[in-house]
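Architecture and fold: a report
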Amino acid sequence: MTIELAELDHPAVEAPTPPDEESNRKRWWALGAALAVWVVVGTVLSGRNTQDLPNAELTGFQTWLTDLYGNLQDAKFNGDWFIKPAVWIGDSLDWIVTTLQHLFVSDPDRPLQVAQFGWAGVVALVVLIAYALSGARIAVLSLAVLLAIGYAGYWEAGIDTLIVTGVAVVICVLIGIPTAIWMSRSSAASAAITPVLDAMQTMPAFAYLAPLALLFGIGNSGAVVVTLIYALPPLVRITAHALGTVSPTTVEATASLGSTENQQTRKVRLPMSKRTIIVGLNQTIMAALSMATIAAFIAGPGLGQPIVRALNILNVGVAFVAGACVVLLAIMLDRATERAGIRAELAARSGGNENVRRIVLGVLGVAAVIALYLSHSQLRWSVFPESDFGAQVARRVNDWTDAFTGAVGDFTAWVNDTATTYLLNNLEDLLANSPWWLVAAAILTVAALLGGAGKGSFQRVVTGVALCSLAVLAAGYYAGSVPDINWVPYWTGVVVLLAVGGYLGAGEAFLPTAVCLTLIFGVGLWNDSMVTLSMTLFATLVVMIFGVTIGTWMGRSHRVDAAVRPFLDFLQTMPALVYLIPALALFPPGKFLAIAAAVLYASPVAIKIAADGIRSVSPTTVEAAQAIGSNRWQMISKVQLPMSKGSMVLAANQGLLFVLSMVVIGALVGGGSLGYLVISGFSQGQLYGKGLAAAIAITALGIMLDRITVHTAARYGRAETA
Amino acid sequence: MTAMVDDAGAVASTNGQSALTVNSLWKVFGPRADKIVGSPEADLSRAELLAKTGCTAAVRDVSFDVAPGEVFVVMGLSGSGKSTLVRCLTRLIEPTAGQITIDGEEVVGMSDTRLRELRRHHVSMVFQHFGLLPHRKVIDNVGYGLEVRGESKTDRRARAQEMVDLVGLSGNENAYPDQLSGGMQQRVGLARALAVNPSVLLFDEPFSALDPLIRRDMQNEVIRLHHEVGKTMVFITHDLAEALKLGDRILIMRDGALVQMGTPAEVVATPADDYVRDFVSEVPRSHVLTLAWVMRPPRPDEALTGPEMTPDTIVRDAARRVIDAADPVKVVDNGELLGVVDQDDILRVIVAEETPS
Amino acid sequence: MRVTKRRAGRVAALAAAASLALAACGGGDISDSAGGGSSSGPDCDTLNMAINPWVGYEASAYVVGQVAETQLNCTVNYKDLKEEVAWQGFATGEVDVVIENWGHPDLEKKYIDQQGVAVDVGSQGNEGIIGWYIPPWLAEAHPDIVDNWENLNKYASDFATAETQPKGQLLDGDPSYVTNDEALVENLNLDFQVVYAGSEAALIQAFRKAEENQEFLLGYFYEPQWFLSEVPLVKINLPPYTDGCDADAAKVACDYPPYPLNKVAATKFMDSGSPAANLVQNFTWTNDDQNSVAKAIADEGMAPEDAAQQWIDANQDTVDTWING
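Residues numbered from 1 in each chain as written. Chains lettered and ligands numbered in written order. Predicted model: local features only at pLDDT ≥ 70, side-chain atom pairs only at ≥ 80, totals over all residues. Heavy atoms only, no water.

**Looking at the packing of aromatic side chains**
Enumeration according to the criterion identifies 41 aromatic pairs over all chains in this entry. Every member of this aromatic cluster is reached through a ring pair, and the members are Trp 102, Tyr 133, Phe 207, Tyr 220, Phe 221, Tyr 222, Trp 226, Phe 227, Tyr 256 and Tyr 259 of chain C. Across from the ring centre of Phe 29 of chain B, 5.0 Å away, lies the NZ or CZ of Lys 27 of chain B, which sits over that ring. Note that Arg 254 of chain B overlies the ring of Tyr 275 of chain B, its terminal NZ or CZ placed 4.5 Å from the centroid. (Phe/Tyr/Trp six-rings, centres within 6.5 Å; stacked < 30°, edge-to-face > 60°. Lys NZ or Arg CZ within 6 Å of the ring centre and 35° of its normal.)

Next up, the structure:
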């Protein structure tokens, strides 16, 4: 009783009442009817009001963005006051990274430009740290990883990547933990910061790469900042969540003893969330590593450079070897933080092993000092021995890729043609070639019917109408030059839709969806967005097929799980560019290839969530079903899948977001639409505004799809995002 | 227990200074909750109020006094608002309306700093789910309250050790909470509350999560501690047996409102309504009622030669002697004859479970 | 100083030095008293060379860089940057030279005319050609496509893909280059649809496959480009370019203009009197020169330093004219 009444204070955390059978059935019928109307009307009116904008043309709003960037460039040139802090930050970051590089990578003031401490010193140091924080097994793993990177020929690039990742992650912690504390204390702060975090995670980096390089500098500093932006959100989110969900009894108990808010944070919430915060740190490190390739586009040091370069000359093998080094670093850092998290818990109470540990630490410490000294003064301990191991692997990979593509090329061409002709083209017709107002109405209907518990209050809808109208006004002011725009029906449409949605009892997803659609329309990229959306949906569908099948397979057997998981980890951390280029030999450049790439990238996370969902089905229920005599298929279809419905929707949610994050990369191999606009905006100054507009549209799509799926998942009783 | 009060209800007001006074306390959850108190809606039933305003009244217009050294039990089923009530006392939950006075100081409207002082020095609380810090040793958990009020490490270690010994956990001070059994964890919670040497101790269903046997031990422990340290205690429970065992007085709540307040015997003997009657129906009368409730004026034909007993003797304890005695037992207080009790009177209570009118 | 240079080449040199040192005295002590880095001399400080992301550019950049490093004792920093960001670097002082510039009138206007931070250092000797290309087998089998764009519609269905059917596919490419192809298709009334391959790599791979499998493919391409020495794509004839025919992007109906490729450098750098500035000023070579170096990098997988050095060794007399001219 304590809890249930105390909870009334925060109506937001109230679990939504599960929808009853009857209303569920009604919703599905309504959904079916809406789809039918969409298909029929869409077919009749195909090609009209599609808001198509040729690639070379810009709307007023987009030109305005371009000019804005031009003004920024002028401000930088004139040294305007508001540029100064950025310049100072950029210089400081550059100094930090450069100093570390002089210490561990290369110092131009030393003979042969060797580093102050060469490879032997670095290896000994890393092993020592790994042992101290994460134990013996991780120390051995680190040793193996570093030596492997060295033998592959990427010692210096590998250490550069470690340095940039490390500096970015340290800054993430310095910024992220206080931000998370603030968010956990103030719901206003939380409400204000969450959309910023959403944007940081979904906005394609290419859109802000150029301005970042302008403000903070090319190379080290730009690389750190771009890494920082993408890597910060997971840490903040997970930490804020952990701080907010510390056992309420303990919080109450310590409050009852007169703790101040600061004492609560320091002595109760932070220590009790340590494990989870380390999980957040782990996610942040992985995100930081995944930016290694992107940072290379503004001369960021590290493994991204050989990857991008190898791809310029279509050398898959070389790209693969450099990419594998990123994967190795990822494995090392992932396992190390995971172990460190477990150790942090045990450290305080370990007893017997402590002496052994101290001795080993001492020995490693002495070894590290000797190694550091040798690597400072002796060439052979300073410069990693040359090896053609990497080149050999690269050659093998090239040969193997050629053989493989030669063997299955016909089959993949058939898959490409069939899927494109029968599925993708139709889906694209429906979304991108129907009148925009029809599509908008359809999407809003889906959002209203699926995304929420159906408790739309009148006030909420009124606020929504007001907000949307404002957004439309602002967008309309700039988007005046979109061809074929008919403002009166548009206005009426928005208002009527919101009113109808509110009347029908639309749930929590309706409003964000309306705002996002308005934004997409407002930036003048409706048609491109719908093409991107159709690709995203198609890719997610395939991801979910994999997710449900492989996830179920893994969830039911620990052996399968153990066998498949490393492969999934590999796919998730290998820079996507690396497998995209060989894929060009299998599929012609085009949308299907972009989709295939997205599927490869997004499937692992969906599969993992689905597998966890299957596994977390109560063993008692499984036992009971077994006792009744269910066979394997009945167990899967009647017990395990229905009971993990929430997890499956969540898998779809993460799948969607991961697919969407590949839109830009996919455009490098023919994905076109928004992703292509983002890249060309980065590459061509006069298109900058259009690129940024496309990035905004991608962000809006992401947030929209996220809200719809999250609230759908919430209806099935699993509100949390991973 | 320390039956310092017999005259229910009038308790603290008679001696003028109470440890804790609560006056017309309200707690309403929901939108615009502060508008409910004093409006006509306040008289609606809980379900009607929720339907009409979206608000839930967890505590409705509750008043009581607790005397220094008294053990005051608040009892009710889950959802009756008792845990909310106890949280309002030190404003862990902010009350919607009403006054609370602790040690002569008004709690509602107190500044944050003053409130923190109150929590650090005057009132401490024991929780149903313990609320221990899993990352700290027992000794540091016990010393937490001293730590946050800024005492030096040596001082708080010494005091905490004392408390650990007091609750019978000697030797476990360096263990972590998850290495202890539930009963032992609650002893840590108890030691933590005692460590700050408060004048008032609040217990929120402290033993509900424990096994029956351990629960009995812990109840006895509380009785022992009460004898040793003599604190004022407010004890929340849903277990009537526990309430009767520990309480000097019992306050029974339903749907947030006070239903009855009185000594255990009063509650059992004269239930205020069917709700309470239902509650106490299973209680063996003889275990609760005192002779004061059973005695009657002597009949003219009776010989007043039987043994003498005091009116606060529990029926069960008196039974043997009453039955063995040839004549009715005289109930005497300060030399004054109040009434008599014979075998029939006793048997009616013990066997027939009747409550004398 | 920023050390963002690509280090592969230096490592190779260094390893060689190391093995020498090891052989010579058996120890390989690093003695700080030996003074500063061997490659930085007093008269040439640093040369910050932007590397735009295509191999032809890389070839030019590394030839100049290698000459500066080995013969002028400069410290050369190579920075992988797209054009827009590279030009931005002129203003911030992070980039000294863009060695191969394809047009970019907007950038020229901003950084040369308005801010004055960059100067045009003259022709680089190569001429850039942009246009629509088909694989050689197709040019041979159906020469009428090459001769006249009007014949394209005749083969539209052959050029169609699953994505564009029933229209033919025009594969557009690198997002870095200006393209008017959507407008061109419309204004020339072609039964085609533009598909954006999105990267040079994708374009090359597509052409490679089309030639191998004798498939129809029409795509946007350009020279100089090393790939043309592997698969000599054939440019088809669009309505010829005349001055101003591309003034209105939406109404374009003519071929792309030829781009005389020029060098652009930071004003400060050119005014510094560095011998490297002189080198950049005088550098000029031919499409064939560039293609040979680019092919060594792309096709033979040589490190760009090595490929550049190989060309320098074979053409020292040309190099001398750059240094001394």
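Once the structure has been displayed, the description carries forward.
**Focus on the environment of Asn 153 of chain C**
Residue and element names in this part refer to chain C. The residue Asn 153 is located in the loop between α6 (143-147) and α7 (156-159) in this model. A relative accessible area of 32% places Asn 153 in the partly exposed class. In the structure, Asn 153 is positioned 36 residues away from Asn 189 in sequence and 8.7 Å away in space, judged by C-alpha atoms. Once residues within four sequence positions are removed from consideration, Asn 153 is found in contact with Asn 189, Leu 190, Asp 191 and Phe 192. Within polar-contact distance, the side chain of Asn 153 engages the backbone oxygen of Asn 189 at 3.0 Å. (Helix = DSSP H or I, 4+ residues; strand = E, 2+ residues; numbered from the N terminus. Buried < 20%, exposed > 50% of the residue type's maximum accessible area, 1.4 Å probe, protein only. Contact = heavy atoms within 4.5 Å. Polar contact = N/O pair within 3.5 Å; in protein donor to acceptor, adjacent residues only side chain to side chain.)

**Observations regarding the pattern of salt bridges**
Under the defined criterion, the tally for this structure stands at 45 salt bridges over all chains. Salt-bridge contacts for Asp 334 of chain A lead to Arg 335 of chain A; the nearest nitrogen and oxygen are separated by 2.3 Å. Among the ionic contacts, a cluster of salt bridges with common partners joins Arg 296, Arg 299, Asp 301, Asp 342, Asp 345 and Arg 348 of chain B. (Salt bridge = Lys/Arg side-chain N within 4 Å of Asp/Glu carboxyl O.)

**Here's the deal with the interface of chain B and chain A**
Listed by partner, the interface residues are 38 residues for chain B and 24 residues for chain A. Buried surface at the junction of chain B and chain A, both sides included, amounts to about 2,700 Å², of which 61% is carbon and sulfur. Of all residues in chain B, the largest losses of buried area upon contact with chain A belong to Phe 29, His 135 and Tyr 144 of chain B, amounting jointly to 19% of the total for that side. The interface formed by chain B and chain A holds two salt bridges in total. With its nearest N and O atoms 2.4 Å apart, the salt bridge here joins Arg 87 of chain B to Glu 252 of chain A. Breaking the side of chain B that touches chain A down by element, the ones donating at least two residues are β2 (56-66), α3 (82-89), α4 (112-121), β6 (123-126) and α6 (144-148) of chain B. (Buried area = accessible area lost by both parts, 1.4 Å probe.)

**Structural notes on helix α7 (residues 155-185) of chain A**
Spanning 31 residues, α7 of chain A covers 44 Å between terminal C-alpha atoms, matching the ideal 45 Å at 1.5 Å per step. Gly 176 of chain A marks the point of greatest bend in α7 of chain A, at about 25°, and the proline Pro 178 of chain A comes within the next four residues. (Expected span 1.5 Å × (residues − 1). Bend = angle between axes of the 7 residues up to and from the residue.)

**Digging into the interface of chain A and chain C**
Note: interface size is frequently given as the accessible area lost on complex formation between the parts. Each partner contributes to the interface: chain A provides 80 residues, whereas chain C provides 75 residues. The junction of chain A with chain C conceals about 6,300 Å² of combined surface from both sides, 54% of it contributed by carbon and sulfur atoms. At the boundary of chain A with chain C, the tally comes to three salt bridges. With a shortest N-O distance of 3.7 Å, Lys 110 of chain C and Asp 74 of chain A are connected by a salt bridge. If you look at where chain A meets chain C, you find 16 residue pairs in polar contact (both at pLDDT 80 or more). Here the side of chain A that touches chain C gets six residues from one element, more than from any other, and that element is helix α3 (residues 60-78) of chain A. Partitioning the side of chain A that touches chain C into residue classes produces 36 nonpolar, 30 polar and 14 charged. (Nonpolar A, V, L, I, M, F, W, Y, C, P; charged D, E, K, R; others polar.)

**Digging into the sheet that holds strand β12 (residues 329-333) of chain B**
Residue and element names in this part refer to chain B. Read across the open sheet, the three strands follow the order β11-β12-β13; overall the sheet is mixed. Sheet topology places β11 (308-309) and β13 (336-341) at the edges, where each strand pairs with a single neighbour. For β12 and β13, the ladder comprises five bridges, and the chain directions are antiparallel. Of the residues in β13, the one forming a bridge with Val 329 is Val 341. (Pairing = 2+ DSSP bridges.)

**Points about the pairing of strand β7 (residues 200-204) of chain B**
Residue and element names in this part refer to chain B. Within β7, five of the five residues are buried, which leaves it mostly tucked inside the rest of the structure. Side-chain alternation along β7 places Val 200, Leu 202 and Asp 204 on one buried face and Leu 201 and Phe 203 on a second face that is also buried. Examined bridge by bridge, β6 and β7 share four bridges and lie parallel to one another. Across the sheet, the residue bridging to Val 126 is Phe 203, located in β7. As paired elements, β7 and strand β8 (residues 232-237) share five bridges and run parallel to each other. The residue of β8 that forms the bridge with Asp 204 is Ile 236. Handedness of the crossover is the feature at issue here: the chain leaves β7, passes through helix α9 (residues 212-229), returns alongside β8, and the resulting connection is right-handed. (Right-handed = clockwise from strand over helix to strand, strands pointing away.)

**Let's talk about the nonpolar core**
Counting residues in each nonpolar core, the largest one holds 297 residues, and the members touching the most others are Met 49, Trp 132, Leu 152 and Phe 269 of chain C. Here this core takes 14 residues from α7 of chain A, the largest share from any one element. Among the domains, domain 1 (17-127 + 260-324) and domain 2 (129-251) of chain C are the pair contributing at least three residues each to this core. Membership of the second largest hydrophobic core comes to 70 residues, among which are Val 268 of chain A together with Ala 193, Ala 195 and Val 222 of chain B. (Core = buried A, V, L, I, M, F, W, Y, C linked by side-chain atoms within 4.5 Å. Domains from an automatic or database assignment.)

**Some thoughts on the confidence of the model for chain C**
Residues and elements named next belong to chain C. Looking at chain C, the pLDDT average stands at 83 and 87% of residues meet or exceed 70. Low pLDDT, under 50, characterises residues 1-27; the stretch is placed with 55 contacts to residues that sit more than four places away or in other chains. Segment residues 33-42 is flagged for pLDDT under 50; beyond a separation of four residues in sequence, or across chains, it makes 16 contacts in the model. Prediction confidence for the complex, expressed as pTM and ipTM, is 0.83 and 0.83 respectively. (pLDDT = per-residue confidence, 0-100.)

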